[in-house]
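Descriptive analysis of the structure
If you want the building blocks of each chain, they are given just below.
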Amino acid sequence: MSYNLLKGKRGIIFGALDSNSIAWKTAERVHEEGGTFVLTNAPVAMRMGEINKLAEKTGSEIIPADATSEEDLQNLVEKSMEILGGKLDFVLHSIGMSINVRKGRAYTDQKYDWTQKGTDVSAMSFHKVMQTLYKADAMNEWGSIVALTYMAAQRVFPDYNDMADNKAYLESIARSFGYFFGRDKNVRVNTISQSPTPTTAGSGVKGFDGFIAYAEKMSPLGNATALDCANYTVTLFSDLTKRVTLQNLFNDGGFSNMGVSDAVMDTFMKE
Ligand SMILES: NC(=O)c1ccc[n+]([C@@H]2O[C@H](COP(=O)([O-])OP(=O)(O)OC[C@H]3O[C@@H](n4cnc5c(N)ncnc54)[C@H](O)[C@@H]3O)[C@@H](O)[C@H]2O)c1
């Protein structure tokens, strides 16, 4: 269902890799709500070509950008304003990657150049995106910037590995930059802490099937899907949430406040 919540709003959506991506679902929902946007992803991710289908479906242009490259980001922001015909109202940072996770390297046995690369891609890129937008004065007043995170920033999920630290850093950047963006430009910055979701990045985490099933049993409303996350993001991009900023918002069916559920207890007792 569409409510026209984003009619006339313009933005940039990072991170749509394939139709499972949270950013993909968000682009579809933003389009349905009347928003227009530029799609972007790392040049290497473009090779799959999937993003072209999304661009066609949503009438969007694609600008490749490595989110760790200031030069790519400057080009992206400048060209996006040209294409969309003015300053931006919303930006979604939906980017995450850990080489240690990908290559099965334990948290207690990090290869630090991989750790550093993961931090640059998954967390510092958010600072770079915001600094680029801030310096170019590219955001309209009452615009909204959202990044996606996971609860391993606050609690221990051993197989989430160095991504836990990256997410803690990402959430801190949202608050710190959010202050300056709020004070100087009336722009809000928030993170959404999403349930485990079956995507390329999500499924890459060791033991993913176990912890998605566990979270499902633990959460009174069940796991939030990629579409649920897209819908939540639409509300944060809309004018209905104008003074929500510097927040880490849980979209997780209640998981983050649970101790134990009947469903988990039943499974445990059977064992
Ligand atoms: N899937 C989950 O369980 C889950 C849960 C909570 C939060 N998140 C977060 O949601 C976000 C989106 O992930 P997803 O689950 O949709 O997976 P995904 O694999 O579909 O998306 C990750 C994206 O990051 C992009 N990316 C990687 N390196 C990049 C770079 N250098 N420059 C630009 N883009 C780059 C990839 O190309 C990809 O499009 C991530 O921040 C992820 O950590 C995911």
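Calculation criteria
- Residues numbered from 1 in each chain as written.
- Predicted model: local features only at pLDDT ≥ 70, side-chain atom pairs only at ≥ 80, totals over all residues.
- Heavy atoms only, no water.
- Helix = DSSP H or I, 4+ residues; strand = E, 2+ residues; numbered from the N terminus.
- Near = heavy atom within 4 Å.
- Polar contact = N/O pair within 3.5 Å; in protein donor to acceptor, adjacent residues only side chain to side chain.
- 1 Å grid on protein atoms, 1.4 Å probe; cavity = no way out; pocket = protein on both sides within 12 Å on 5 of 7 lines; lining within 4 Å.
- Sits in = over half its atoms within 2 Å of the grid points.
- Nonpolar A, V, L, I, M, F, W, Y, C, P; charged D, E, K, R; others polar.
- Points joined across faces, edges and corners; volume = space filled by probe spheres on them.
- Salt bridge = Lys/Arg side-chain N within 4 Å of Asp/Glu carboxyl O.
- Buried < 20%, exposed > 50% of the residue type's maximum accessible area, 1.4 Å probe, protein only.
- Phe/Tyr/Trp six-rings, centres within 6.5 Å; stacked < 30°, edge-to-face > 60°.
- Lys NZ or Arg CZ within 6 Å of the ring centre and 35° of its normal.
- Pairing = 2+ DSSP bridges.
- Contact = heavy atoms within 4.5 Å.
- Axes fitted to C-alpha atoms, helices over the stretch in contact; angles between N-to-C directions.

**Looking at unusual backbone geometry**
Of note in this structure, Trp142 is not a glycine but carries a positive phi near 65°. For Trp142, the position within the fold is in strand β5 (residues 139-149). The phi torsion at Asn161 lies on the positive side, around 60°, for a residue other than glycine. Along the chain, the position of Asn161 falls in the loop between β5 and α7 (163-185).

**Some thoughts on the site of the ligand**
Around the ligand sit 27 residues, and of these Ser21, Asn41, Lys167, Thr197 and Thr199 come closest. Separating an oxygen atom of the ligand from a side-chain N or O atom of Asn41 is a distance of 2.7 Å. Here Thr197 contributes a backbone N or O atom positioned 2.7 Å from an oxygen atom of the ligand. At a threshold of 2 Å from the grid points, most atoms of the ligand map onto the largest pocket. Elements supplying a minimum of two residues to the shell around the ligand: β5 and α8 (200-203). The element best represented in the shell around the ligand is α8, accounting for 3 residues. Split into classes, the residues belonging to the shell around the ligand amount to 13 nonpolar, 12 polar and 2 charged.

**Details of empty space enclosed by the protein**
According to the stated counting rule, one finds 2 cavities of 30 Å³ or more in the structure shown. In this structure, the largest cavity occupies an estimated 70 Å³ of space. Broken down by class, the residue content of the lining of the largest cavity amounts to 6 nonpolar, 4 polar and 1 charged. There is about 40 Å³ of room inside the second largest cavity. Within the residue set of the lining of the second largest cavity, elements represented by two or more residues are β1 (10-14), α4 (70-84) and α6 (112-135). Of the residues belonging to the lining of the second largest cavity, the class tally is 8 nonpolar, 1 polar and no charged.

**Things to note about the pattern of salt bridges**
A full pass over the atoms with the stated rule returns 12 salt bridges. Here Asp137 and Lys185 are joined by a salt bridge, their closest N and O atoms 3.3 Å apart. Here Asp137 is found in the loop between α6 and β5, whereas its partner Lys185 is found in helix α7, with 48 residues between them in sequence. Of the residues examined, Lys185 reaches a relative accessible area of 16% and is grouped as buried. Arg183 serves as the salt-bridge partner of Asp184, at 2.7 Å between the closest nitrogen and oxygen. One salt-bridge network, in which partners are shared between bridges, spans Arg29, Glu32 and Glu33.

**Regarding the packing of aromatic side chains**
As enumerated under the stated definition, the model contains 12 aromatic pairs in all. Centroid distance Phe177 to Phe181: 5.6 Å. Interplanar angle 35°. Geometry classified as tilted. In this pair, Phe177 and Phe181 are both assigned in helix α7, 4 residues apart and thus about one turn of the helix distant. Both residues of the pair, Phe177 and Phe181, belong to the buried class. On the basis of an interplanar angle of 65° and a centroid distance of 5.9 Å, the ring pair of Phe208 and Phe211 is categorised as edge-to-face. Note that Phe208 and Phe211 are positioned in helix α9 (residues 208-218) at a spacing of 3 residues, about one turn of the helix. Looking at Phe211, the relative accessible area reads 14%, which means it is buried. Among the aromatic residues, those joined into a cluster by ring pairs are Tyr150, Phe157, Tyr160, Phe208, Phe211, Tyr214 and Phe255. Against the face of Tyr134 rests Lys185, its NZ or CZ located 4.7 Å from the ring centre.

**Description of the sheet that holds strand β6 (residues 188-194)**
With parallel pairing, 7 strands are arranged side by side in an open sheet as β3-β2-β1-β4-β5-β6-β7. Strand pairing shows two members of the sheet lacking a second neighbour, β3 (61-62) and β7 (248-251), which therefore form its edges. Here helix α3 (residues 51-58) sits on the sheet in contact with β2 (36-40) and β3, set at roughly 175° to β2. Lying on the sheet, α6 is in contact with β1, β4 (88-93), β5 and β6; it crosses β4 at an angle near 170°.

The analysis is restricted to geometry; functional conclusions fall outside its scope.
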